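Notes for the structure review
Chain residues, written in single-letter form:
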Amino acid sequence: MKYINIDKKNWAGGLENLYGNYRLFGPAKNNKHHIFKELGKGELPDLNYLNTLPSPKSIAFPQSETMFEYSLDENKKGHHILKEINKDYSPRALIGIRPCDAASFLLVKRNFDTPEYKDPYWLRAYEATIFIGLACSSPYSTCFCTSAGCGPFHEDGLDLLLVDEGKNFIAKILTPRGEKFIKSAGWETEADPTVAEKIIKNMKIKAEEKIASFVSTDQLKNKSTTRLYDATFWDDIAFACINCGTCTYVCPTCWCFDIQDEVSRNSGLRMRNWDSCMYPLFTIHGTGYNPRNTKVQRVRQRFMHKLKYYVDRYNDGIQCVGCGRCIRLCPVNIDIRKVCDIMNNYGSSSRLET
Amino acid sequence: MQNPYLPYPVRIDEIITETEDKNLKTFKLVFLNPDDEEKFSYMPGQFAELSVAGKGEVPIGIASSPTEKGYLKFTVNKVGLVTTCLHSMKPGDIIGVRGPLGRHLWDTLKGKNVVIIGGGFAFTTLRSSIVYMLDPLNRMNFKDINAIYGSRSPGMLLYRDELAVWETRDDINMHITVDGTDDPDWKYNVGFVPTITEQKAPPGNSDTYALICGPPIMIKFTQPVLDKLGYAHDHIIMSLEMRMKCGIGICGRCNIGKEYVCKDGPIFTLAELDNMPKEY
Ligand SMILES: Cc1cc2nc3c(=O)[nH]c(=O)nc-3n(C[C@H](O)[C@H](O)[C@H](O)COP(=O)(O)OP(=O)(O)OC[C@H]3O[C@@H](n4cnc5c(N)ncnc54)[C@H](O)[C@@H]3O)c2cc1C
Ligand code: SF4
Ligand code: SF4
Ligand code: FES
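Computed from a predicted structure; not experimentally measured.

**As for the domain arrangement of chain A**
All names here are of chain A. Its domain assignment divides chain A into domain 1 (2-210) and domain 2 (220-345). Contact with domain 1, which involves 42 residues of that partner, is made by 39 residues of domain 2. With both sides pooled, the region where domain 1 packs onto domain 2 buries about 3500 Å², and carbon together with sulfur makes up 58% of that total. Put simply, domain 1 and domain 2 have four salt bridges between them. One salt bridge in this structure joins Arg272 and Glu65, with 3.7 Å as the shortest N-O distance. Viewed at the interface, domain 2 and domain 1 are joined by 27 residue pairs in polar contact (both at pLDDT 80 or more). Taken together, the elements giving at least two residues each to the side of domain 1 that touches domain 2 come down to strand E4 (64-71), helix H2 (99-112) and helix H3 (120-128). Of the residues forming the side of domain 1 that touches domain 2, the biggest block, nine residues, is contributed by H2. Within the side of domain 1 that touches domain 2, the residues separate by chemical class into 23 nonpolar, twelve polar and seven charged.

**With respect to helix H7 (residues 216-229) of chain B**
Between its first and last C-alpha atoms H7(B) spans 20 Å; for 14 residues at 1.5 Å apiece the expected length is 20 Å, and the two agree. Within the sequence span of H7(B), burial applies to B:Met218, B:Ile219, B:Thr222, B:Val225, B:Leu226 and B:Leu229.

**Describing the interface of chain A and chain B**
In this complex, chain A contributes 52 residues to the contact, which on the side of chain B involves 44 residues. For the pair chain A and chain B, the summed buried surface comes to about 4000 Å²; carbon and sulfur atoms form 57% of the total. When residues of chain A are sorted by the area they lose upon contact with chain B, A:Tyr117, A:Tyr229 and A:Arg313 head the list and together hold 17% of the total. Across the chain A-chain B interface, the total number found is seven salt bridges. B:Lys245 is the salt-bridge partner of A:Asp258, the closest N and O atoms lying 3.4 Å from each other. Where chain A touches chain B, the interface holds 24 residue pairs in polar contact (both at pLDDT 80 or more). Of all the elements, helix H9 (residues 295-314) of chain A adds the most residues to the side of chain A that touches chain B, at seven residues. Each residue belonging to the side of chain A that touches chain B can be placed in one class, and the counts come to 23 nonpolar, 14 polar and 15 charged.

**Thoughts on the packing of helix H1 (residues 11-18) of chain A against helix H4 (residues 176-185) of chain A**
Residues and elements named next belong to chain A. Between H1 and H4, whose axes approach to 7 Å, the crossing angle comes to 105 degrees. Our classification of the angle between H1 and H4 gives roughly perpendicular. Together, Gly14, Asn17 and Leu18 of H1 and Phe181, Ser184 and Ala185 of H4 make up the contact between the two elements.

**Quick word on the packing of aromatic side chains**
By convention here, two paired aromatic rings are described through the distance between centres and the angle between planes. Applying the stated criterion to the full structure yields 29 aromatic pairs over all chains. Between B:Tyr8 and B:Phe31, the aromatic rings sit 6.0 Å apart at their centres with planes inclined by 75 degrees, giving edge-to-face as the arrangement. Placement of the pair is B:Tyr8 in strand E1 (residues 8-17) and B:Phe31 in strand E2 (residues 24-31), with a sequence separation of 23 residues. Across this residue pair, the class does not change: B:Tyr8 and B:Phe31 are buried. For the cation-ring pair, A:Lys8 lies above A:Phe169, with the distance from its terminal atom to the ring centre recorded as 4.8 Å.

**A short note on the sheet that holds strand E11 (residues 208-213) of chain B**
All names here are of chain B. In spatial order, the strands read E10-E9-E8-E7-E11-E12-E15; together these seven strands make up an open sheet with mixed pairing. With one partner strand each, in any of the chains shown, strand E10 (189-190) and strand E15 (267-269) form the two edges of the open sheet. Two strands pair when backbone bridges link them, and E11 and strand E12 (residues 236-239) are joined in this way by three bridges, in the parallel orientation. Its bridge partner being in E12, Ile212 is matched across the sheet by Met238. Strands strand E7 (113-119), strand E8 (145-151) and E11 of the sheet are contacted by helix H4 (residues 124-134), whose axis makes an angle of about 150 degrees with E7. Across the sheet, H7 touches E7, E11 and E12, and the angle it forms with E11 is around 165 degrees.

Rules behind the numbers
The residue count restarts for each chain, going from 1 along the sequence in the order it is written. Lettering for chains starts from A, numbering for ligands starts from 1, and both go in the order in which the items are written. At least 70 in pLDDT is required for a residue's local features to be given in this predicted model, at least 80 for side-chain atom pairs to be given and counted, and no such filter applies to totals for whole chains, interfaces and linings, which use all residues. To obtain the side-chain values, all non-hydrogen atoms of the structure were used and water was disregarded. In this document the domain limits rely on a domain assignment from an automatic tool or a database. Note on contacts: a residue pair is in contact if any heavy atoms of the two residues lie within 4.5 Å. By convention, the term buried area covers the 1.4 Å-probe accessible surface removed from two parts as they join, with the contributions of both added. Salt bridge criterion: a side-chain nitrogen from Lys or Arg within 4 Å of a carboxyl oxygen from Asp or Glu. Polar contacts, as used here, are pairs of N or O atoms within 3.5 Å; protein pairs need one atom able to donate a hydrogen and one able to accept it. Residues neighboring in sequence count only if both atoms are side-chain atoms. Here a helix means four or more residues in a row that DSSP labels H or I, a strand means two or more in a row labelled E, and each is numbered from the N terminus. The residue classification treats Ala, Val, Leu, Ile, Met, Phe, Trp, Tyr, Cys and Pro as nonpolar and Asp, Glu, Lys and Arg as charged. All others, Gly included, are polar. To estimate the expected span of a helix, subtract one from its residue number and multiply by 1.5 Å. When a residue's accessible area, from a 1.4 Å probe over protein chains only, is under 20% of the maximum for its type it is buried; when over 50% it is exposed; and in between it is partly exposed. Convention adopted: a line fitted to C-alpha atoms gives each axis, helices being fitted over their contacting stretch, and angles between N-to-C directions are expressed from 0 to 180 degrees. Each angle receives one of four descriptions, namely roughly parallel if under 35 degrees, roughly antiparallel if over 145, roughly perpendicular if within 65 to 115, and oblique otherwise. Within 6.5 Å between ring centres, the rings of Phe, Tyr and Trp (the latter by its six-membered ring) count as paired, and their orientation is classed by plane angle as stacked under 30 degrees, edge-to-face over 60, tilted in between. Criterion for a charge above a ring: Arg CZ or Lys NZ at most 6 Å from the ring centre, at most 35 degrees from the ring normal. Any two strands are treated as partners once DSSP identifies two or more bridges connecting them.

Listed below in structure tokens is the structure:
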């Protein structure tokens, strides 16, 4: 494994060198919170942050994205025929992404990149992106990544892991793409691998010790879907929910979308937009019949999808990386950690069954 | 990378008004690029997204059979935005077709007795199945074929000319029925689909499969009849409807439990449905 020492004095210069070769995206402060945005020339990512309020999923899955264009003008050749649009899929770098969020891309890839169908919009953007992670040293109290399949120094999904040592970053090169990135930045000072490894290991242990909350997921697979679905605890869980949809919008692992046409005069676009299982319109039929007509059905869908349907479909953990966004931002304090434990323990103890 | 959201352009070749309330029209569509027809290789029971530029897409069962070459047929009920726009279109207009979508179970049905039970306008994909099985090249692959099809009144039956022909054939037992009629010349059955099923359907056995499509109320009352006739739940095949967008299991909209109705369905055996949440 190769490690590079990046003196922070050379940070801005390196990014400057990268600017022509990659579109750079990084955290930036927007009013009160951080978001990921495209950085202009000379603009530095603000790495003094815990995590962004919305997840960086929009880098490959924009909240609103044009799919096709068409003309409705009968005098034009090819009118009413949908056409693909040229998009900018030149290399882009996501600088300072947290390891949990990087892991979410691998998770979501299962949905967009299937043996039968490939979602070209997500996949092209994903393939154009290089992931420069920033290890976490001070997690939120709501983070539970270590029991959700990743962790503050988790490397899966990253091309490069940056570890902040105060005056410098140690960059751990994880893929050839990461190596290429480092080269084009001009950061060349190799670190002694044994020393670097040791420093990172110690920091990792400390960071993991700071993760204060956990979920248990070991029993989810064994539970009967229909019994969990019919359980009586859903009314209590959903009681305070106002179906605002915040939890699904900020979540890095929520991928649902709607498809809509938009017309202006004689030309039109087919778009896709984030959608949410929290909304009644998500499932209503043209006839007015709605199989998920009540709030409790919709709240149940969100948790059953993340903690049971996904678990059964892919047999590789829960559909959640433990970033804690939905917990921090829910206006009525609905907490996926509690729901996960209730589901995981359901049926094994009578106290938790109701 | 092939874009699975891009519809094939098609031209509306013919529009047939099917029912007396004029709410159901059959659209015969022809591919603008002949190569696309080959790519759109389908089996009865599958569906497609019909795409109307400026309005959107709707999932519609394929009513034509793969044995009918040169065109596709869809029968569309006028419901909301897209379907109303379709109903206002005319031959020559350009729309799009995306698919074929969903799975089919024809490998299971090969060499078996097939009982088709349909109600209302859900008969569309069952028409496709019948035309497919009756094709001279396919008929020997199936044993007895029974079909029970009912609607409210004679004027609400789809594909009336074809039904009349099937009634006269001896390689299919056709049982047409209506809920009621004051037509003195009505030659066929009167009664609800579950009642006629009880009277006419052969008893269930390991060699006999029932395919059901219809409104929820019909399915609800037909199921106990099939139980009584001895049909095992893995020998009852049904088609489900959910609101859909992508049709390819990606947009997350149409799940029942861990299954996406668009991709893992829309047809399921009753045995499969027994293990899924009752959320449809
Ligand atoms: C597998 C399948 C096969 C179908 N086959 C047929 C058929 O052969 N003939 C027929 O007339 N109808 C069929 N339907 C129902 C048909 O798709 C809806 O009636 C139609 O989508 C209503 O669209 P709308 O724009 O007119 O209504 P609106 O209410 O204006 O709908 C707006 C959007 O909602 C979605 N939507 C609304 N209702 C449904 C629904 N019931 N199912 C799926 N999506 C919906 C569509 O994406 C539509 O674009 C089928 C549905 C499914 C899932
Ligand atoms: S953020 Fe909270 S209140 Fe809003 S939909 Fe999610 S669970 Fe319900
Ligand atoms: S469900 Fe909540 S904690 Fe899990 S990934 Fe989504 S926002 Fe983060
Ligand atoms: S319609 Fe998109 S997942 Fe089924």
